[in-house]
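# Geometric and topological summary
Listed below, chain by chain, are the residues.
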Amino acid sequence: MKDILSAQEPIDIQKWHVSNFSADDCNPQEARRALEEEYWPITEITDRFNRQSVSYQLSKKDSLHRWLKYKEGFSADLVKTLLDDFHLQKNAVVADPFMGSGTTALVALMNGYDSLGFDILPMSGIAIKAKTTVYEYSLTELQHLLEEIASAEVPAYYAGTTPEIAITKDGYPTETSRALAYYRQYFMHSDYSDEAKTLLELCTLNSLERISYSAKDGQYLRWDRRCPKMIAAAEARKKTGRKPAAVKLDKGKLPTLKEALCEELRSVIEDIRYFQQDDTKAFEAQSRFIEGSALFELPKIADNTIDAVISSPPYCNRYDYTRTYALELAYMGITEQGIRQLRQNLLSCTVENKPKTEELKAFYRNIGREAYYERIMHTIQKNKTLQEINLALKQRSENGEINNKGVPRMVDGYFRELTFLFAELHRTCRPGAYVAFVNDNVRYAGEVIPVDYLTTQLAEQVGFTPVKIYTLRQQKGNSSQQMKKYGRVALRKSITIWRK
Ligand SMILES: C[S@@+](CC[C@H](N)C(=O)[O-])C[C@H]1O[C@@H](n2cnc3c(N)ncnc32)[C@H](O)[C@@H]1O
């Protein structure tokens, strides 16, 4: 609590400390209140971590972190601060079960630690491969690649187009779609080194949104009014006498693939040149990325092999990564069926997610650890806070206050799956290892879900010792709908620290 006491401006603790978890006292809240009292003493309202401020002024060394455009990433500063706090030995292994763009892995590597990362999205693999070879690129080769792209023309006879799925249909102007397919085929079958090809793939992924008719907007992909599917939809409405829906998005002149790629490539070449100026010839530490669900991959990792974990899971907020990154996934050849599977593989964070308990049961049976599965299930079932939240959401849903039946299922699945993950982290971490998770609290239909404290409680139940819960001064905003109906409430953004 020292930070609270030393802060300059007076602090109204009630802004962070929650006393009412169920609007209008609609549902029991004893378990959540008890939890609030239990972990408040180790909570510190802090300025040490501030995601907004650190993401703007990146130093040149930090430029590498931006190589995959990934809005959900946390800052390199946050990882560095935590690594410094953890006082790791040389050759320590730093893990991130939800690797995203690879911030943890890269900062670990830059500080001489090995890294182990998991993610279900194939872009993560491309990003970490491209970044970790920053010292190995041949600038001459990349310059040649840049020149060849600048002069490449798609032959008139070429009839290929880039793959699309329902949500990305008509996503690019026809010429751009042809160019994407042609460049991919041409350059991937060329004699360029694997490193150069991976870098080109990354630059292409980063260009897709700009050259398309779409724009990422929070949970959704919005579409430009010139996009053929928007024109067709407006026509269809007109034919049935309805007014066309108001489509405001107009992205202006879209760059061609060639223009966007050259710009991306020039920028990364500049970063590479900067990195290669110093004496470092390669990262000394090793990075390992496993493409797949951490829920099913972490159980394959040996006991007592991880020295620290710095991670941020998907938040329990219905955010669907497979929708936001639909253009990128479709470009990489993932089919409709593949996207559906990826969505299901996500830690339950969307209303489409179905329970994974049967799949986990079969998995643990297959690897001969059924008793372990039963133990974790028992831990989950006896958690009073989760029981209270589940009942409260069920009640709100039955009252018609939750517009989607998938919400209660998502919340339950989210904490169940995280408990499995925490148990596996406890098994794979060495004694003394620190674990840090960044997460946001959420609220559904007036019911506050203290994600920071509940995850800490579940982690404690599987063996971790809670050390500290840093909570940021800035909080998560309440949605205007919730505010109007249920009033304002503190929704913390926290970094929970536990120790094995
Ligand atoms: C909040 S982002 C992590 C961002 C990361 N800290 C960074 O700096 O880029 C969460 C990530 O978890 C991944 N994810 C979701 N479910 C997963 C699962 N079951 N196993 C592994 N990764 C998963 C998502 O694809 C997403 O990249």
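Residues numbered from 1 in each chain as written. Predicted model: local features only at pLDDT ≥ 70, side-chain atom pairs only at ≥ 80, totals over all residues.

## Overview of the pairing of strand E12 (residues 493–499)
In summary, the side chains of a regular strand alternate between the two faces of the sheet. The element E12 is extensively covered by neighbouring structure, given that six of its seven residues are classed as buried. Where strand E8 (residues 429–440) lies against E12, seven bridges are found, and the strand directions are antiparallel. Considered in E12, the bridge of Val-438 is made with Ile-495. Looking at chain direction, strand E11 (residues 465–472) and E12 are connected through six bridges and run antiparallel. Residue pairing for E12: Thr-471 is matched across the bridge by Ser-494. (Buried ≥ 20, exposed ≤ 12 C-beta atoms within 10 Å, placed from the backbone. Helix = DSSP H or I, 4+ residues; strand = E, 2+ residues; numbered from the N terminus. Pairing = 2+ DSSP bridges.)

## Regarding the nonpolar core
Formed by 134 residues in total, the largest nonpolar core has its most connected members in Leu-202, Val-309, Phe-422, Val-435 and Ala-436. There are two domains that each give this core at least three residues, and those are domain 1 (2–122 + 283–499) and domain 2 (139–277). For Leu-202, the residues in contact, after removing those within four places along its chain, are Trp-67, Leu-68, Ile-126, Ala-127 and Ala-130. (Core = buried A, V, L, I, M, F, W, Y, C linked by C-beta atoms within 7 Å. Domains from an automatic or database assignment. Contact = placed C-beta atoms within 7 Å.)

## Observations concerning the site of the ligand
The ligand sits among 23 residues. The nearest are Gly-73, Phe-98, Gly-100, Ser-101 and Thr-103. Only strand E3 (114–119) and helix H12 (294–297) provide two or more residues apiece to the shell around the ligand. Among the residues making up the shell around the ligand, the classes are represented as 14 nonpolar, seven polar and two charged. (Near = placed C-beta within 6 Å. Nonpolar A, V, L, I, M, F, W, Y, C, P; charged D, E, K, R; others polar.)

## Quick look at the domain arrangement of the chain
Each domain of the chain was delimited in the assignment, giving domain 1 (2–122 + 283–499) and domain 2 (139–277). Counting residues at the interface gives 20 residues for domain 1 and 22 residues for domain 2. Those elements that place two or more of their residues in the side of domain 1 that touches domain 2 are helix H13 (321–324), helix H14 (326–331) and helix H15 (336–345). At five residues, H14 tops the list of elements feeding residues into the side of domain 1 that touches domain 2.

## Thoughts on the sheet that holds strand E1 (residues 43–46)
Here eight strands make up an open sheet; going across it, the order is E1-E11-E12-E8-E7-E2-E3-E6 and the pairing mixed. For this open sheet the edge positions go to E1 and strand E6 (287–291), each flanked by a neighbour on one side alone. Shown here is a sheet whose adjacent strand axes are inclined to one another by a mean of 15°, direction ignored. Contacts from helix H19 (residues 406–428) reach strand E7 (306–311) and E8, with the element oriented near 150° to E8. The strands touched by helix H20 (residues 451–461) within the sheet are E8, E11 and E12, with E12 carrying the most contacts at an inclination of about 15°. (Axes fitted to C-alpha atoms, helices over the stretch in contact; angles between N-to-C directions.)

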